[in-house]
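Coordinate analysis (summary)
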Amino acid sequence: MSMIAAFYGGKSILITGATGFLGKVLMEKLFRTSPDLKVIYILVRPKAGQTLQQRVFQILNSKLFEKVKEVCPNVHEKIRAIYADLSQNDFAISKEDMQELLSCTNIIFHCAATVRFDDTLRHAVQLNVTATRQLLLMASQMPKLEAFIHISTAYSNCNLKHIDEVIYPCPVEPKKIIDSLEWLDDAIIEEIAPKLIRDWPNIYTYTKALGEMVVQQESRNLNIAIIRPSIVGATWQEPFPGWVDNINGPNGLIIAAGKGFLRALKAAPKAVADLIPVDTVVNLMLAVGWYTAVHRPKSTLVYHSTSGNLNPCNWHKMGVQVLATFEKIPLERAFRRPYANFTSNNFTSQYWNAVSHQAPAIIYDCYLRLTGRKPRMTKVMNQILRTASMLEYFLNRSWEWSTYNTEMLMSELSPEDQRVFNFDVRQLNWLEYIENYVLGVKKYLLKEDMAGIPEAKQHLKRLRNIHYLFNTALFLIVWRLLIARSQMARNVWFFIVSFCYKFLSYFRASSTLKV
Ligand SMILES: CCCCCCCCCCCCCCCC(=O)SCCNC(=O)CCNC(=O)[C@H](O)C(C)(C)COP(=O)(O)OP(=O)(O)OC[C@H]1O[C@@H](n2cnc3c(N)ncnc32)[C@H](O)[C@@H]1OP(=O)(O)O
Ligand SMILES: NC(=O)C1=CN([C@@H]2O[C@H](COP(=O)(O)OP(=O)(O)OC[C@H]3O[C@@H](n4cnc5c(N)ncnc54)[C@H](OP(=O)(O)O)[C@@H]3O)[C@@H](O)[C@H]2O)C=CC1
C-alpha cells in the first residue's frame, strides 16, 4: 500500500491554479491515487464567458480525467470550486467560503501565477508576490493545516549559473515593492521595471524570485516547502503519455516548427534542454506534501524538479527528434516542410530570419493579395518570432541545479511509493518521450485526426516539389540577370557550357569506340 496515497485519504486539499496545466494534472493524480480524499477546494475565477461550474465541468469531462471517473465515480461531489480572484484583496472570496477554507484545509498546493514573460510589473507582483503573501496569511489562520507547498520555477534565480536548493535574497525587499506599487502610477512602474529586474531576463522570473522571498519571510510556524520545476512539458506516463493543453514554452514552438512557420531558432545546439514532464513534477509535489506534513523539517526545504544534471538532453538532440517525429506523423496543412536550424550566432540567426521566415511570409502575403484575399502571414510570423525571441534567453544557456533534497526524498520513499509517485527522471527515455510529446501536441492540443496523416504526408510532398521548383526558378532568374550584366558571369557561363560540351563529346566518342 502506498503511504503517500494513504496520507491524502480523508484530507481537505486546497489548490490554487487548478485550472492551469500543472493544476489539472495534480487534481487528476490526487483523485486517481487517493479516491477517498475528503474534498479538493479549488480557487477559480470565471473566464472567457464560462462560469465556475462550467469550467469545472469542462475539466472533469476532458480526456485527461477519463481514468479518474472509473476509480472515483463521485469525483464531481469531491471537488468544490470557490469563486476567487487572486489579484483582489482577500481574493474576493465570500465570508462563508473563507470560513470553510480556514477551518477545514489540511494541505495547500499554491500553483496559481501569471507565467507570461511580458506581463506588467504591477500585475505580476499582484499574482506572484502579493497573492502568495495573502495565501500565507490565510494559511497561518488554518488550525488543521499540515503543509503548504509553493510552486516556484527553477529559473527564479536564472541570473546565477549554479543554483542550490536554497532561497536566495533579492536586491530589493518584496514588501518595499508591494508598498511602492500602491502609490506609483502605471507609467512610472513600467519605467522603473527594467532597473528593478536588473539581470533577470523578464518580469516573470523576477517576481517568482520575490515570491520565494515572501515565502521565507512570512513562513511563521507553517510547514512549508518550495518546488522549482524547470520547463514543464507534456506527460511522460500518467494518466497517458503526451498529454498537453496549452501553447506555453516548448508547445508553441513545436507547433510553429511542425507547421513549417519556424525553421530556424537562435539556440545553442549543445545547451541543455531542461524539460521536465508534468507528471514527474506532480509526483514530486505529492511526495513533498506528504514528507513536509509527516516529517515536519525544521526549515523550508527547496526541491528542484529538473532533468539536466541527472539525465541531460540538448537542444540539438531534441530538435532532431522533433523533426524525425514530424516525418512520421506530420501536422496537417503545413505552410512549409518542417525544418530546424539551431544557431547561436547573431548574424546567422538574422540571415535565417530574413530568408526562412520574413521572405516566405511576404511572398505568401503577396500571393494572398493577388488572389483577392486578406494578407495575414506576416502578422503570424511576427508573433511567432516575438515568442521565439522571448524564449531565446533560455535556449542559449545551461544551468546547474543541485538536486540533493529531491534525491534525499526519493530515498525516503518505500519501493511502492517510488513506483506510484515516480519522479526519478533518470528513467526517462528522451527519444520516446519527445515522440509522444509531438504526437500529444497533434492529438490533444491541435485536435488533429490521426486518419488525416496520409493526406498530411501528401501535402508535404507537394510542398517539397513547390520548394524545388521555386528554387530552380529563382536560380535561373538570378543567373540570367547576372549573365546580362556581368562579364565575369558570362565567362563562367561559357566555361561551364564548353566544359559540358567537351565532356559529352568525349563520352559519345568513347561509347562509339566500344561498339
Ligand atoms: C524544432 C522545435 C524545437 C522546440 C524547442 C522548444 C524550446 C522551448 C524553450 C522554452 C523555454 C521556456 C523556459 C521558461 C520556463 C518557465 O518557467 S515559464 C512557464 C511557461 N511560460 C511561458 O512559456 C510564457 C511564454 N509566453 C508568453 O509570455 C506570451 O505567450 C507571449 C510570448 C508574450 C505572447 O504574447 P502575445 O503576443 O500577447 O500573445 P497572446 O495574446 O498570448 O497570443 C497571441 C497569439 O500568439 C500565439 N502564441 C502565444 N504564445 C505562443 C507561443 N508560446 N508559441 C507560439 N504561439 C504563441 C497565440 O496562439 C495567439 O494566436 P491567435 O489567438 O492570435 O491566433
Ligand atoms: N509551465 C511551466 O513551464 C512552468 C510553470 N511553473 C510554475 O508552475 C505553476 C503553474 O504553472 P502552469 O500550470 O504552467 O500555468 P498556467 O498558466 O497553465 O496556470 C496558471 C493558473 O493560475 C491561475 N490564475 C492566474 N491568475 C489568476 C487570478 N487572478 N485568480 C485566480 N487564478 C488565477 C490560472 O487561472 P485561469 O485558468 O483562470 O487563468 C491558472 O489556473 C506556476 O506557479 C508557474 O510559475 C514553473 C516552471 C515552469
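Bear in mind that the values here come from a model prediction, so they are computed numbers and not experimental data.

1. A word on the overall build of the chain
- Within the chain, the secondary structure is distributed over 19 helices and 13 strands.
- Taken across its 515 residues, the chain has 52% of its residues classed as buried.
- Partitioning the intrachain contacts of the chain with sequence separation of at least 6 by distance along the chain shows that 83% fall at a separation of at least 24.
- When the accessible area of the chain is evaluated, it comes to approximately 25200 Å², of which 58% is carbon and sulfur surface.
- Both charge centroids of the chain, one from 59 positive and one from 44 negative side chains, sit 12 Å from each other.

2. Notes on the site of ligand 1
- The immediate surroundings of ligand 1 are formed by 24 residues, with Arg-116, Phe-117, Ile-247, Gly-249 and Arg-386 found nearest.
- Val-115 is positioned such that a nitrogen or oxygen atom in its backbone is 3.2 Å from a nitrogen atom of ligand 1.
- Between an oxygen atom of ligand 1 and a side-chain N or O atom of Arg-116, the distance comes to 2.7 Å.
- Bound to the protein, ligand 1 loses 76% of the 1300 Å² it would expose on its own.
- Counting residues per element, the ones that place at least two in the shell around ligand 1 are α10 (250–258) and α14 (377–395).

3. Structural notes on the packing of helix α11 (residues 278–295) against helix α15 (residues 404–412)
- Where α11 meets α15, the axes come as close as 11 Å, and the angle between the chain directions of the two elements is 75°. Comparing the axis directions of α11 and α15 gives the class roughly perpendicular. From α11, Leu-284, Ala-287, Val-288, Trp-290, Tyr-291 and His-295 reach across to α15, where they touch Thr-406, Met-408, Leu-409 and Glu-412.

4. Details of the site of ligand 2
- Around ligand 2, the structure places 27 residues, and the nearest of them are Thr-19, Lys-47, Arg-55, Tyr-204 and Lys-208.
- Contacts to ligand 2 include Lys-47, whose side-chain N or O atom sits 2.7 Å from an oxygen atom.
- Considering ligand 2 on its own, with 900 Å² of exposed area, one finds that the protein chains cover 89% of that surface.
- Of all the secondary structure elements, the ones that give two or more residues to the shell around ligand 2 are α2 (21–33) and α9 (203–217).

5. Focus on the packing of aromatic side chains
- Enumeration over the complete set of coordinates arrives at 24 aromatic pairs.
- For the pair Phe-117 and Tyr-204, a centre-to-centre distance of 5.7 Å together with 35° between the ring planes defines the contact as tilted. Of this pair, Phe-117 sits in the loop between β4 (107–110) and α6 (121–139) while Tyr-204 sits in helix α9, placing them 87 residues apart in sequence.
- Residue Tyr-204 is classed as buried on the basis of its relative accessible area of 13%.
- Taking the centre distance of 5.2 Å and the plane angle of 50° together, the rings of Phe-240 and Tyr-444 count as tilted. A residue pair is termed long-range when its members are at least 10 positions apart, and Phe-240 in the loop between β8 (231–233) and α10 and Tyr-444 in helix α17 (residues 430–445) qualify at 204 residues. Each member of the pair, Phe-240 as well as Tyr-444, carries the same accessibility label: buried.
- The ring of Phe-421 carries Lys-29 above its face, with NZ or CZ at 4.9 Å from the centroid.
- If you follow Lys-63 out to its NZ or CZ, it ends over the ring of Phe-240, 4.9 Å from the centre.

6. A short note on the UniProt feature "transmembrane region" (unreviewed entry) in the chain
- Following the UniProt record, one finds the feature "transmembrane region" (unreviewed entry) at residues 466–483 and 492–509.
- Taken end to end, residues 492–509 comprises 100% helix and 0% strand; its first and last C-alpha atoms sit 26 Å apart.

7. Thoughts on the nonpolar core
- Among the nonpolar cores identified, the biggest contains 159 residues, and Ile-15, Ile-42, Phe-109, Met-285 and Leu-409 are the most heavily contacted of them.
- Discounting residues that sit within four places of it in the chain, Leu-409 has contacts with Leu-284, Ala-287, Val-288, Trp-290, Tyr-291, Tyr-303 and Phe-423.

8. Regarding α15
- Looking only at α15, the buried set comprises Asn-405, Thr-406, Leu-409 and Met-410. For α15, the arc enclosing every buried residue in end-on projection is 145°, short of the 170-degree limit, so these residues lie on one face. The outward face of α15, more than 90 degrees from its buried face, is lined by the exposed residues Tyr-404 and Ser-411.
- Buried residues along α15 sit in contact with α11, β11 (301–305) and α16 (415–420).

9. Let's talk about the environment of Ile-177
- The residue Ile-177 is located in helix α7 (residues 174–183) in this model.
- Exposure remark for Ile-177: the relative accessible area of 3% places this residue in the buried category.
- Each C-alpha atom of the pair Ile-177 and Thr-130 lies 9.8 Å from the other, and the pair is 47 residues apart in sequence.
- Excluding residues that lie within four positions of it along the chain, Ile-177 makes contacts with Val-125, Val-172, Leu-196, Tyr-206 and Leu-210.

10. Quick look at unusual backbone geometry
- Cis geometry is adopted by the peptide bond preceding Pro-239, which originates at Glu-238 and carries an omega value of -10°.
- Note on placement: Pro-239 falls in the loop between β8 and α10.
- Located in the positive-phi region is Phe-91, a residue other than glycine, with phi close to 60°.
- The topology assignment puts Phe-91 in the loop between β3 (79–83) and α5 (95–104).

11. Notes on the pairing of strand β7 (residues 224–229)
- Burial of β7 is extensive: 6 of the 6 residues sit out of reach of the surface.
- Bridge analysis of strand β5 (residues 147–151) against β7 gives 4 bridges, and the strand direction is parallel. The residue of β7 that forms the bridge with Phe-148 is Ile-224.
- Judged from the 5 bridges that link them, β7 and β11 form a sheet pairing that is parallel. Note on β11: the bridge partner recorded for Ile-226 is Val-302.

12. Brief notes about the UniProt feature "domain: Thioester reductase (TE)" (unreviewed entry) in the chain
- Here the UniProt-annotated "domain: Thioester reductase (TE)" (unreviewed entry) positions come out as residues 15–285.
- As annotated, residues 15–285 has a helix share of 41% and a strand share of 14%, and its two end C-alpha atoms lie 12 Å apart.

13. Details of the state of the cysteines
- Within the structure shown, the criterion is met by 0 disulfides.
- Cys-158 takes part in no disulfide bond, and the closest cysteine sulfur to it belongs to Cys-170, at a distance of 11 Å.

14. Focus on empty space enclosed by the protein
- For the structure on display, the rule yields 3 cavities of 30 Å³ or more.
- There is about 80 Å³ of room inside the largest cavity.
- Around the largest cavity, the lining comprises 13 residues; the ones closest to its centre are His-304, Thr-306, Thr-406, Phe-423 and Val-425.

Procedures and definitions
- Residues numbered from 1 in each chain as written.
- Chains lettered and ligands numbered in written order.
- Predicted model: local features only at pLDDT ≥ 70, side-chain atom pairs only at ≥ 80, totals over all residues.
- Heavy atoms only, no water.
- Helix = DSSP H or I, 4+ residues; strand = E, 2+ residues; numbered from the N terminus.
- Buried < 20%, exposed > 50% of the residue type's maximum accessible area, 1.4 Å probe, protein only.
- Contact = heavy atoms within 4.5 Å.
- Areas by Shrake-Rupley, 256 points an atom, 1.4 Å probe, with all protein chains shown as cover.
- Lys, Arg positive; Asp, Glu negative; His and termini not counted.
- Charge placed at Lys NZ, Arg CZ, Asp CG, Glu CD.
- Near = heavy atom within 4 Å.
- Polar contact = N/O pair within 3.5 Å; in protein donor to acceptor, adjacent residues only side chain to side chain.
- Axes fitted to C-alpha atoms, helices over the stretch in contact; angles between N-to-C directions.
- Parallel < 35°, antiparallel > 145°, perpendicular 65-115°, else oblique.
- Phe/Tyr/Trp six-rings, centres within 6.5 Å; stacked < 30°, edge-to-face > 60°.
- Lys NZ or Arg CZ within 6 Å of the ring centre and 35° of its normal.
- UniProt positions renumbered as here; feature names shortened; annotations may be inferred.
- Core = buried A, V, L, I, M, F, W, Y, C linked by side-chain atoms within 4.5 Å.
- Arc of directions from axis to C-beta.
- Pairing = 2+ DSSP bridges.
- Disulfide = S-S within 2.5 Å.
- 1 Å grid on protein atoms, 1.4 Å probe; cavity = no way out; pocket = protein on both sides within 12 Å on 5 of 7 lines; lining within 4 Å.
- Points joined across faces, edges and corners; volume = space filled by probe spheres on them.

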